[in-house]
Amino acid sequence: MELDEARELIGNSRLWPRIRNYLAAGGEMMDFSKSVNRLVLLDRTTLENVKLWLDALAQAEDWKKIVDGGEVRKLKEQYPGIYPDVFRYLPYFSKFDLKDSSNPELTFLLLKIKFPEAYELCCS
């Protein structure tokens, strides 16, 4: 990170308090420019929901085959608010390999669709 970039980051009143808190809690210094690195700045609940959605997207094709009521109830319990809604969002992600949740484009699209505040934080 260049000095000018660091000054701009510190001058960002929306990001700097989050970065400061992250570093004060023992987080490591990294490039916080517009990237998935900013995900570490999200609150725990949002971050866990993003991870659940990425996990659900990776498994959605296999879930389409489930017809047993007990298994469906179990998925609804494990993925509240996600299963079966994940099926409605699959067309938006058709160009991605959903098993590869490390793809930043996939993550950004998920944030844009389901977590607009997190998208704003990571991409602005």
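Residues numbered from 1 in each chain as written. Predicted model: local features only at pLDDT ≥ 70, side-chain atom pairs only at ≥ 80, totals over all residues. Heavy atoms only, no water.

1. Details of the packing of helix H3 (residues 44-63) against helix H6 (residues 104-114)
Remark: H3 packs on H6, axes separated minimally by 11 Å, with the N-to-C direction vectors making an angle of 115°. The angle between H3 and H6 falls in the class roughly perpendicular. Taken as a pair, H3 and H6 cross one another with a handedness that is right-handed. Along its contact with H3, which presents Val50, Trp53, Leu54 and Leu57, the element H6 presents Leu106, Thr107, Leu110, Leu111 and Lys114. The class makeup of the residues in the contact of H3 with H6 is 7 nonpolar, 1 polar and 1 charged. (Axes fitted to C-alpha atoms, helices over the stretch in contact; angles between N-to-C directions. Helix = DSSP H or I, 4+ residues; strand = E, 2+ residues; numbered from the N terminus. Parallel < 35°, antiparallel > 145°, perpendicular 65-115°, else oblique. Left-handed = near helix turned anticlockwise from the far one by under 90°. Contact = heavy atoms within 4.5 Å. Nonpolar A, V, L, I, M, F, W, Y, C, P; charged D, E, K, R; others polar.)

2. Remarks on the side chain of Thr46
Mapped onto the elements, Thr46 comes out in helix H3. Other than its neighbours up to four places away in sequence, Thr46 contacts Phe115 and Ala118.

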